[in-house]
Each structure stands twice: as C-alpha cells, then as structure tokens.
Amino acid sequence: MKQQAGSSVFLILLCLLYVFACVDAQTCRPSGTIRGKNPPPGQCNTENDSDCCKVGKLYTTYKCSPPVSSHTKAMLTLNSFEAGGDGGGPSECDNQYHSDDDPVVALSTGWFSNKKRCLKYINIYGNGRSVRAKVVDECDSTMGCDSDHDYQPPCPNNIVDASKAVWKALNVPESDWGGLDIYWSDTD
C-alpha cells in the first residue's frame, strides 16, 4: 500500500509540474530594461502623441509577445508610416514608407517573429468592426530611447501599431485614437 501511495504522490507532483510548465510556456516575461536618455533637441517625433523617453526612467523590454491564437488580444496604437512620420525610418519589411491612407501595421517584436509576418495580412477586430491590414514593420519591444527609434521607449509586447486607415476602417472617432483594446488573427 505504501508503494501505491508513493506512486500516486509522484504522479500528482509530475502532473502539477507539467501544468506549471505549460502555463510558464504561455507567458511572456520581460527580457530586461533600458534607461531613458535625454533626446537631442528636436530628435523625438511626438506626432500622434508619441512619447519621448524620460531621462533616468527604466523601460521594460521584451523578446516575446503573448501567444498567438485565432483571437489574440492586443492594444491598437496609432503610427504614421510616412516619411517624416513618428514611425521613424522606412518599414523593416520592404524598406519603403507607406501612406497613412493604406491599412498597414507594425507588430510587437514577438509577434513580428523575425520578419515571418512581413508583408502578410492580419485581421483586426475592434469597435464592433474588422479590417484587414498588411504587416510592414516591427514595433520594437527590445530596444528604444535611441536615434534608431526616434528616442521613443520600447514598445510593450502586445502592440498592433496601426496607420490612420486602420483606425478609420474600425470607425473609431479621431478623438479616441491612441489606444484601443482589439483582437487580431492571421489571415488564411
């Protein structure tokens, strides 16, 4: 009887370990921090209410994003992909700028997945509507507060950074552009 009880305890502990390992595998933990620096005068583009890094503030970085599903929860933010816009340089996927009238997005580093979603389309669901948008850039969750990132902080790990065309297609009033809870999925 002792052997059966010992085996049962072992089996229960093994099951608990498996459950915790599965839960841990589905989380996305911070990978580090970046300390904010004072941007040179005129070097931080604040178009679309973009934030500039604050001197001395610690910003969390991520190499991952939450798991992707057919209904991935995210935060929609506003970005300009045009030359001179707050998106910085040309888009990473095609080294081009894109009109704010085109439904294009940048995804947080983990979702961007080393360019695996480059120039592919995703469906975005929010405000009772949906829109199909092309992935053209990364919203860098690993770096920031430097000239390459217009002295803006690193992106959180759950961002779909969208052009004005996406916001318009979702019929969100301009006064509410900036942050919207949405869901997204890869298209077939």
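All of these numbers come straight from a predicted model, not from anything done at the bench.

### A short note on unusual backbone geometry
Phase 1 of the analysis: One non-glycine residue, Lys 115, lies in positive phi territory at about 75°.
Phase 2 of the analysis: Assignment of secondary structure puts Lys 115 in the loop between helix H2 (109-112) and strand S5 (121-126).
Phase 3 of the analysis: The exposure class of Lys 115 is partly exposed, given its relative accessible area of 43%.
Phase 4 of the analysis: Even without glycine at this site, Asn 171 takes up a positive phi of about 60°.
Phase 5 of the analysis: For Asn 171, the position within the fold is in the loop between helix H3 (164-169) and strand S8 (180-186).
Phase 6 of the analysis: Accessibility expressed as a relative area gives 47% for Asn 171, which makes it partly exposed.

### A word on the packing of aromatic side chains
Phase 1 of the analysis: Tallying each qualifying case throughout the model produces 2 aromatic pairs.
Phase 2 of the analysis: Plain terms: the ring middles of Trp 111 and Trp 184 are 5.3 Å apart, the flat faces sit at 70° to each other, and that makes the pair edge-to-face. With a gap of 73 residues between them, Trp 111 in helix H2 and Trp 184 in strand S8 connect regions that are remote in the sequence. This pair shows no difference in class: Trp 111 is buried, exactly as Trp 184 is.
Phase 3 of the analysis: Between Trp 167 and Trp 177, the aromatic rings sit 6.2 Å apart at their centres with planes inclined by 40°, giving tilted as the arrangement.

About the criteria used
Residues numbered from 1 in each chain as written. Predicted model: local features only at pLDDT ≥ 70, side-chain atom pairs only at ≥ 80, totals over all residues. Heavy atoms only, no water. Helix = DSSP H or I, 4+ residues; strand = E, 2+ residues; numbered from the N terminus. Buried < 20%, exposed > 50% of the residue type's maximum accessible area, 1.4 Å probe, protein only. Phe/Tyr/Trp six-rings, centres within 6.5 Å; stacked < 30°, edge-to-face > 60°.

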